[in-house]
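# Descriptive structure summary
Residues per chain are reported as follows:
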Protein chains: 2
Amino acid sequence: MEQRIQEHAAVLVDWSARIEAGDDVVVHVDEGAHDLAVAVAEALGERGANLLATYGSAEMTRAYLSAHDDAFDENPDYERHLYEHADSVLVLEGARNTAESSGVPGQRRQAYDRARRAIREARLDTDWISTQHPTRAMAQQAGMDIDAYREFVYDATLRDWESLAEEMAQLKGLLDAGSAIRLVGEGTDLTMSIEDRRAVNSAASVAYDSHNLPSGEVFTAPTATEGEVTLDVPMTVNGRRVQNAWLAFEDGAVVDYDADRGAAVIGEILDTDDGARRLGELGIGMNRGIDHITDNILFDEKMGGTVHLALGRAYDACVPDGSGNDSAVHVDLITDLRESGRLAVDGESVLEAGRFRWEDGFNG
Amino acid sequence: MEQRIQEHAAVLVDWSARIEAGDDVVVHVDEGAHDLAVAVAEALGERGANLLATYGSAEMTRAYLSAHDDAFDENPDYERHLYEHADSVLVLEGARNTAESSGVPGQRRQAYDRARRAIREARLDTDWISTQHPTRAMAQQAGMDIDAYREFVYDATLRDWESLAEEMAQLKGLLDAGSAIRLVGEGTDLTMSIEDRRAVNSAASVAYDSHNLPSGEVFTAPTATEGEVTLDVPMTVNGRRVQNAWLAFEDGAVVDYDADRGAAVIGEILDTDDGARRLGELGIGMNRGIDHITDNILFDEKMGGTVHLALGRAYDACVPDGSGNDSAVHVDLITDLRESGRLAVDGESVLEAGRFRWEDGFNG
């Protein structure tokens with residue numbers, strides 16, 4: 001087995017999920033994640049943890065949902081009990097076909113998700129981590145050959161997380177102490193309040209309230225958004241391409257929008273509910289191992305020097321008083337500050353033209 | 001998808017497991033059983049059952065067990081709860097390498113199995129069914145090409161089970177009414193009592209106390225075994241080849257044994273515990289779709305015109321008064337009566353030279 005797969009498993013089990021002897025661990029294995037699953041099983045055996053593997057087959061799910069009517073049982077007992085008694089859930093993503101669910105009617109999928117809310121909550125109450133094994137289908141979506149894509153995934157994932165966590169702690173400190181954010185760039189001049197909000201140092205570990213491997217971002221939950229922003233990183237949202245989305249805010253809510261491509265998708269998202277017109281997240285990517293866009297939000301939003309904004313639900317960890325934005329959606333859109341643009345806290349630049357205040361070459 | 005895979009799924013879900021809307025179904029998917037799993041998922045969706053897929057990866061299990069020490073946690077809660085709340089468990093076997101566990105120390109495996117007794121019991125308390133998808137590894141073990149092996153598996157599995165159940169009911173009736181069994185053949189003259197025992201019409205359905213697909217056997221739990229028997233069907237037992245095993249019984253227990261090959265395996269089995277020297281099962285194969293040996297007990301023991309005897313544990317369903325033989329093992333060995341030999345109940349032949357009493361050509 002390739003050495004890096006075992007390193008990936010070790011980072012996942014030790015740094016990310018903090019697995020210890022006796023932990024009850026669910027390993028959720030996508031169709032294409034088999035090799036990583038074997039390495040994870042070995043790591044769990046070495047640490048004396050318990051292992052139960054579930055099969056995250058996109059083809060099984062597609063076949064099941066396509067054949068079902070929309071009347072799903074609410075939170076089947078057996079699955080709810082499984083997650084309520086689990087300590088950790090390790091989700092090993094690894095699509096063999098990223099379009100596998102394209103034929104499932106949206107309302108079917110939504111009915112299924114709605115019926116499983118308690119199961120999802122139980123899973124989110126565990127020390128869960130999502131990570132991704134590099135597959136050919138994901139390489140294809142990124143427009144890369146499989147060797148180059150493997151390099152990309154492991155560059156992003158096999159980092160010195162302890163040292164990155166220390167660096168990110170500086171940004172978290174600035175955000176926790178600050179109250180006003182200003183984001184400036186081409187087609188962008190946006191102000192937000194982060195008063196009384198808490199930033200999360202998302203260092204790819206449950207010990208940091210972080211549930212993605214790779215991670216490498218600091219995020220918070222802004223309010224009172226005013227101005228306009230251009231989200232220039234192209235991405236696939238709900239299966240459709242979005243390019244250069246533009247949003248205008250007044251009193252914290254979107255009052256106008258446009259896009260070079262995919263404006264209709266943005267419109268649909270905004271119409272979901274009241275909360276979908278407000279921001280749930282401001283995130284700042286700090287993972288320098290991610291140096292280009294692969295149309296995969298797990299990676300794209302962590303790219304060092306980018307900033308993302310999410311329409312919709314805020315994360316509880318950012319909102320100590322529980323007043324966070326509520327919505328059925330959470331859709332991330334990204335603006336690239338690597339070449340130009342800046343993010344300032346209380347009037348002082350923190351990120352400018354791709355460099356953070358504490359980095360060489362910062363010129364703010 | 002090949003039509004027969006969908007037919008297999010339909011037989012499994014409807015005839016074997018009797019799945020209904022709202023049932024909580026665990027589908028256990030071996031590495032090589034993916035295509036059958038997709039068909040089963042579709043069938044479960046159509047019937048409105050709930051689906052949770054577990055991943056039965058032999059490679060994950062091998063990696064986990066090899067890395068673990070022998071101190072396993074007893075019956076981890078999360079897995080026990082899963083099975084205690086499940087209605088049905090569909091085990092989709094489909095090895096990609098039948099030797100995958102060959103490097104795992106036997107004591108490791110035994111320690112793991114011992115620590116999981118309550119989980120196993122909970123799973124056996126569901127309406128469980130084991131079936132098998134035809135893989136290249138299983139074809140190789142059978143010494144067949146994959147096309148021929150697929151024909152073999154579907155010939156054995158896609159039967160008119162209702163009609164076979166009716167035929168088997170005749171044999172069950174004879175065994176339930178009878179009290180003395182005599183088995184005669186080359187190197188075989190064995191008598192057994194089946195007084196007060198109940199025969200199981202194993203018609204590949206939970207409605208018949210039958211948990212294998214394919215099945216097609218009638219079995220009971222004999223006592224007071226006397227005489228000798230030659231088990232001439234070659235097979236792999238605990239990873240080692242056994243040929244022409246010979247057992248001699250007195251007062252119901254084995255007093256002597258031999259084999260052309262693998263006598264040591266037989267010796268080890270007999271030494272497991274007191275119950276391992278006594279018979280736990282007499283089974284009579286009645287599946288005419290199985291017409292040759294493939295070194296796979298799921299199929300071999302059901303071959304029409306063969307008889308198998310198991311050393312060790314008796315099935316509860318055969319023993320109304322609960323006095324069945326107890327043992328940690330249950331090892332099936334097969335004698336072939338298709339060419340010659342006979343099985344008699346209370347002095348009257350029931351099976352002779354491969355024909356049952358009610359069949360054309362029976363000459364008893």
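Everything numeric in this text was worked out from a predicted model, so none of it was measured. (Residues numbered from 1 in each chain as written. Chains lettered and ligands numbered in written order. Predicted model: local features only at pLDDT ≥ 70, side-chain atom pairs only at ≥ 80, totals over all residues. Heavy atoms only, no water.)

### Looking at the overall build of chain A
Counted only if it meets this: The way it works is that DSSP assigns letters per residue, a run of H or I at least four long becomes a helix, a run of E at least two long becomes a strand, and they are numbered from the N terminus. The atom set for the radius of gyration is the C-alpha atoms, and the globule formula is 2.2 Å times the number of residues raised to the power 0.38. Think of it in three bands: with a 1.4 Å probe and only protein chains considered, a residue is buried below 20% of the maximum accessible area for its type, exposed above 50%, and partly exposed in between. Contact between two residues is taken to exist if any of their heavy atoms lie within 4.5 Å; hydrogens are not considered. Only the protein chains shown count as cover for residues, with accessible areas throughout obtained via the Shrake-Rupley method and a probe of 1.4 Å.
Helix and strand counts for chain A stand at 11 helices and 20 strands. For a compact globule of 364 residues, the expected C-alpha radius of gyration is about 21 Å, and chain A comes in at 20 Å, within 12% of that figure. Considered along the principal axes of its C-alpha atoms, chain A spans approximately 50 × 45 × 45 Å. Buried positions account for 55% of the 364 residues belonging to chain A. Counting contacts in chain A only where the partners sit at least 6 residues apart, residues at least 24 apart contribute 72% of the total. About 14,500 Å² of surface is accessible on chain A, with carbon and sulfur atoms providing 40% of the total.

### With respect to the relation of the copies chain A and chain B
Taken together, a rotation about one axis and a shift along it account for how the two chain copies relate. Heads up, the condition is: Our superposition of the copies is a least-squares fit, built on the C-alpha atoms of residues whose pLDDT is at least 70 in both.
Between the two copies, chain A and chain B, the superposition gives an RMSD of 0.1 Å; the rotation angle is 180 degrees and the shift along the axis is 0.0 Å. Such a combination of turn and shift is consistent with a two-fold rotation axis. Among all residues of chain A, the minimum C-alpha distance to the rotation axis is found for A:Thr54, at 2.0 Å. Here 100% of the interface residues in chain A have copies in chain B that are interface residues too; the copies meet face to matching face.

### Structural notes on the interface of chain A and chain B
Selection rule: Put simply, buried area is how much 1.4 Å-probe accessible surface two parts lose in total, over both of them, once they are put together. For this analysis, a salt bridge means a side-chain nitrogen from Lys or Arg found within 4 Å of a carboxyl oxygen belonging to Asp or Glu. Whenever two N or O atoms come within 3.5 Å, that pair is a polar contact, provided that in protein one can donate a hydrogen and the other can accept it, and provided that, for residues adjacent in sequence, both atoms are side-chain atoms.
Facing 41 residues of chain A, the contacting portion of chain B comprises 41 residues. Here chain A packs against chain B, burying approximately 3,500 Å² in sum over the two surfaces, 66% of which is carbon and sulfur. Viewed at the interface, chain B and chain A are joined by zero salt bridges. Applying the counting rule to chain A against chain B returns 22 residue pairs in polar contact (both at pLDDT 80 or more). Residue assignment for the side of chain A that touches chain B shows that the elements contributing at least two residues are strand E1 (24–30), helix H2 (34–47), strand E2 (50–56), helix H3 (58–67) and helix H4 (77–84) of chain A.

### What about helix H2 (residues 34–47) of chain B?
Residue and element names in this part refer to chain B. To be explicit about the condition: Multiplying 1.5 Å by the helix residue count minus one yields the expected span of that helix.
The terminal C-alpha atoms of H2, which comprises 14 residues, lie 20 Å apart, in line with the 20 Å expected from a rise of 1.5 Å per residue. Counting buried positions along H2 gives 10 out of 14 residues, so the element sits mostly inside the fold. Listing the buried residues of H2 in full gives His34, Leu36, Ala37, Val38, Ala39, Val40, Ala41, Ala43, Leu44 and Gly45. Just downstream of H2 lies Gly48, where phi reads positive at about 75 degrees.

### Brief notes about the sheet that holds strand E9 (residues 217–220) of chain B
Residue and element names in this part refer to chain B. Test applied: For two strands to count as paired, DSSP must find a minimum of two bridges between them. Angular values range over 0 to 180 degrees, each being the angle between N-to-C directions of two axes fitted as lines to C-alpha atoms, with helices fitted over their stretch in contact.
Strand order in this open sheet of five strands is E7-E9-E15-E16-E17, and the pairing throughout is antiparallel. Looking along the sheet, the strands with just one partner apiece sit at the ends: strand E7 (200–202) and strand E17 (330–336). For this sheet, the mean inter-axis angle between neighbouring strands, taken without regard to orientation, is 25 degrees. One ladder, built from five bridges, connects strand E15 (residues 279–285) with strand E16 (residues 306–312); its direction is antiparallel. Note on E16: the bridge partner recorded for Ile284 is Val307.

### Some remarks on the pattern of salt bridges
Throughout the structure, instances matching the rule amount to 42 salt bridges over all chains. For A:Arg150, the salt bridge is made with A:Asp147, and the minimal N-O distance between the two is 3.3 Å. Of this pair, A:Arg150 and A:Asp147 both sit in helix H8 (residues 146–157), three residues apart, which is roughly one turn of that helix. Judged by its relative accessible area of 23%, A:Arg150 falls in the partly exposed class. Residues B:Arg338 and B:Asp336 are paired through a salt bridge, measuring 2.9 Å at the closest nitrogen-oxygen approach.

### Remarks on the pairing of strand E19 (residues 348–352) of chain B
All names here are of chain B. Of the strand pairs in this sheet, strand E18 (residues 342–345) and E19 are connected by four bridges, and their pairing is antiparallel. The partner of Val345 across the bridge, within E19, is Glu348. Taken together, E18 and the strand that follows it, E19, pair antiparallel across an intervening segment of two residues, in which Asp346 is found at a positive phi of about 50 degrees. With two bridges connecting them, E19 and strand E20 (residues 355–356) associate as antiparallel partners. Bridging across to E20, Glu352 finds its partner in Arg355. Between E19 and the antiparallel strand that follows it, E20, lie two residues; Ala353 among them carries a positive phi value of about 50 degrees.

### Some remarks on the sheet that holds strand E6 (residues 188–193) of chain A
Residues and elements named next belong to chain A. The strand order across the open sheet formed by eight strands is E14-E13-E10-E6-E5-E18-E19-E20, and the pairing between neighbours is antiparallel. For this open sheet the edge positions go to strand E14 (253–258) and strand E20 (355–356), each flanked by a neighbour on one side alone. Each of strand E13 (245–250) and E14 is contacted by helix H10 (residues 263–270), which is oriented at about 160 degrees to E14, the strand it contacts most.

### Regarding the domain arrangement of chain A
It is common to give the size of an interface as the accessible area lost on bringing the parts into contact. Residue and element names in this part refer to chain A. Note the threshold: In this document the domain limits rely on a domain assignment from an automatic tool or a database.
Domain parsing of chain A yields domain 1 (3–157) and domain 2 (161–356). For domain 1 and domain 2, the distance between their C-alpha centroids amounts to 25 Å. Listed as interface residues are 23 residues of domain 1 and, on the opposing side, 23 residues of domain 2. Buried surface at the junction of domain 1 and domain 2, summed over both partners, amounts to about 1,900 Å²; 62% is from carbon and sulfur atoms. Taken as a group, Trp15, Phe152 and Ala156 account for 35% of the area that domain 1 buries against domain 2, more than any other trio of residues on that side. Between domain 1 and domain 2 we count zero salt bridges in total. Linking domain 1 with domain 2 are 14 residue pairs in polar contact (both at pLDDT 80 or more), by the criterion used here.

### Observations regarding the environment of A:Phe356
All names here are of chain A. Position of Phe356 among the secondary structure elements: in strand E20. C-alpha of Phe356 to C-alpha of Met286: the two residues are 70 residues apart in sequence and 9.1 Å apart in space. Setting aside anything within four residues of it in sequence, one finds Phe356 in contact with Leu171, Ile284, Gly285, Met286, Arg288, Gly305, Val350, Leu351 and Phe362.

### Points about the packing of aromatic side chains
All names here are of chain A. Put simply, the rule is: Centre distance within 6.5 Å is the pairing criterion for rings of Phe, Tyr and Trp, where only the six-membered ring of Trp is used; planes under 30 degrees apart are then read as stacked, over 60 as edge-to-face, and the remainder as tilted.
Counted by the stated rule, this structure contains 16 aromatic pairs over all chains. On the numbers, 6.3 Å between centres and 65 degrees between planes, the contact of Tyr64 with Tyr112 is edge-to-face. Taken together, the residues Tyr64 in helix H3 and Tyr112 in helix H5 (residues 106–115) connect sequence positions 48 residues apart. Judged by centre distance (5.3 Å) and plane angle (45 degrees), the ring pair of Phe152 and Phe299 falls under tilted.

### Points about the side chain of B:Asp300
All names here are of chain B. Put simply, the test is: As used throughout, the charge tally considers Lys and Arg to be positive and Asp and Glu to be negative, leaving His and the chain termini uncounted.
Mapped onto the elements of the fold, Asp300 is located in helix H11 (residues 297–300). An unpaired buried charge is present at Asp300: no salt bridge exists, and Arg241, the closest side chain of opposite charge, is 7.5 Å distant. Here Thr294 takes part through its backbone nitrogen, which lies 2.9 Å from a polar atom of the side chain of Asp300. Leave out the neighbours within four places in its chain, and Asp300 touches His292, Ile293, Thr294, Asp295, Thr306 and Ile334.

### Regarding the environment of A:Thr131
Residues and elements named next belong to chain A. Mapped onto the fold, Thr131 is located in strand E4 (residues 127–132). Residue Thr131 is classed as buried on the basis of its relative accessible area, which comes to 0%. Taking C-alpha positions, Thr131 is 13 Å from Gly216, a pair spaced 85 residues apart along the chain. In this structure, Thr131 is in contact with His8, Leu12, Leu36, Val91, Leu92, Glu93, Leu213 and Leu298, ignoring residues within four places of it in sequence.

### Describing the environment of A:Glu7
Examined against the element boundaries, A:Glu7 turns out to sit in helix H1 (residues 3–16). A C-alpha to C-alpha distance of 9.9 Å links A:Glu7 and A:Ala43, two positions 36 residues apart in sequence.

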